[in-house]
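# Geometric and topological summary
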Amino acid sequence: MNQHFPWPDERLIKAAQDGDVTSLTAVVVRSQPHVRKFAISLCASPQDAEDAAQEALIILYRKIGTLRATGALASWMFRIVRNECLRQVRLLVSRSDEQSVEPEASAEPSAENAVLHRLEVERIAAALCALPRDQRQILIMRDVQGLPGKSVAHSLGLSNAAMKSRLHRARTALRHSLAVTDEVADQSGGEDS
């Protein structure tokens, strides 16, 4: 892909930063295949990837002037796409948590509980995003979106048994990742006392 679609060169990026609309359009168009590739590798679903890529290209168009080094375009775009995919997972996890709350428990949470809940959502979203794409995809579809196993298997082109096996591996990997972050937090918390 990179041979057919090279990243924009530094002269073009500099001209775009200086306000040349034609150069800016060229930078966005030439960056698009790379941004889509990042999004497909990082996001949970093709639809999320498309949304993240579009958002990243809009940010590129609006904020290219904030790019410090013209040679850093690829890493800047990668970070934007990664952050957008992470934001989408956070929203999914948060919505999933809100839907599972019991109706009787709808009293206003304390500010401390709200902060703790937000931190937990962040931790789960970060652990989920760190998983390999196939595991991340199946966990989000099955556990976050709540899709039936047969639907998940069908949309991923897997047998039901293969889907269950992959889901088990993904859940195990997520539990392991969360346990490691718990251990790290416990160790750093123990040092303060």
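Above this text you will find the structure in question.
Residues numbered from 1 in each chain as written. Predicted model: local features only at pLDDT ≥ 70, side-chain atom pairs only at ≥ 80, totals over all residues. Heavy atoms only, no water.

For the rest of this paragraph, the subject is a nonpolar patch on the surface. A cluster of nonpolar side chains, Val-115, Leu-116 and Leu-119, forms an exposed patch at the surface whose accessible area comes to about 270 Å². Note on placement: Val-115 falls in helix α5 (residues 111-130). Exposure remark for Val-115: the relative accessible area of 38% places this residue in the partly exposed category. (Patch = residues over 30% accessible without salt bridge, like charges linked within 9 Å, V, L, I, M, F, W, Y side chains within 5 Å. Areas by Shrake-Rupley, 256 points an atom, 1.4 Å probe, with all protein chains shown as cover. Salt bridge = Lys/Arg side-chain N within 4 Å of Asp/Glu carboxyl O. Helix = DSSP H or I, 4+ residues; strand = E, 2+ residues; numbered from the N terminus. Buried < 20%, exposed > 50% of the residue type's maximum accessible area, 1.4 Å probe, protein only.)

Next up on the list: the state of the cysteines. What makes a disulfide is a covalent bond joining the sulfur atoms belonging to two cysteines. Inspection of the entire model under this criterion finds 1 disulfide. Across the disulfide from Cys-43 sits Cys-85; the S-S distance is 1.8 Å. Because the torsion about its S-S bond is -70°, the bridge between Cys-43 and Cys-85 counts as left-handed. On the criterion of sequence distance, the pair formed by Cys-43 in the loop between α2 (21-42) and α3 (46-63) and Cys-85 in helix α4 (residues 73-100) is long-range, its members being 42 residues apart. Here the two residues Cys-43 and Cys-85 agree in accessibility, since each one is buried. (Disulfide = S-S within 2.5 Å.)

Right, let's get into helix α6 (residues 133-144). What α6 keeps buried is the set Gln-135, Arg-136, Gln-137, Ile-138, Leu-139, Ile-140, Met-141 and Val-144. Gly-146 lies just past α6 and shows a positive phi near 75°.

Scanning the model with the defined rule gives 4 salt bridges in all. The salt bridge partner of Glu-50 is Arg-36, with a shortest N-O separation of 2.7 Å. Of this pair, Glu-50 sits in helix α3 while Arg-36 sits in helix α2, placing them 14 residues apart in sequence. A residue is classified by how much of its surface remains accessible, and Glu-50, at 33% relative accessible area, is partly exposed. A salt bridge links Arg-87 to Glu-84; the nearest nitrogen and oxygen atoms lie 2.5 Å apart. With Arg-87 and Glu-84 both in helix α4 and 3 residues apart, the pair spans about one turn of that helix. Owing to a relative accessible area of 38%, Arg-87 belongs among the partly exposed residues under this scheme.

Another aspect to go through is α2. Here α2 is 22 residues long and its end C-alpha atoms lie 30 Å apart, about the 32 Å a rise of 1.5 Å per residue gives. Of all the bends in α2, the greatest reaches close to 40° and is centred on Gln-32; the proline Pro-33 follows between one and four positions later. If you check which residues of α2 are buried, you get Ser-23, Leu-24, Val-27, Val-28, Ser-31, Pro-33, His-34, Val-35, Phe-38, Ala-39 and Leu-42. (Expected span 1.5 Å × (residues − 1). Bend = angle between axes of the 7 residues up to and from the residue.)

Now for the packing of α6 against helix α7 (residues 149-156). The contact between α6 and α7 brings their axes to 9 Å, and the two run at 145°. In this structure, α6 crosses over α7, and the sense of that crossing is right-handed. Residue-level inspection shows Gln-137, Ile-138, Met-141 and Arg-142 of α6 in contact with α7, the latter providing Gly-149, Val-152, Ser-155 and Leu-156. Residue classes in the contact of α6 with α7 are distributed as 4 nonpolar, 3 polar and 1 charged. (Axes fitted to C-alpha atoms, helices over the stretch in contact; angles between N-to-C directions. Left-handed = near helix turned anticlockwise from the far one by under 90°. Contact = heavy atoms within 4.5 Å. Nonpolar A, V, L, I, M, F, W, Y, C, P; charged D, E, K, R; others polar.)

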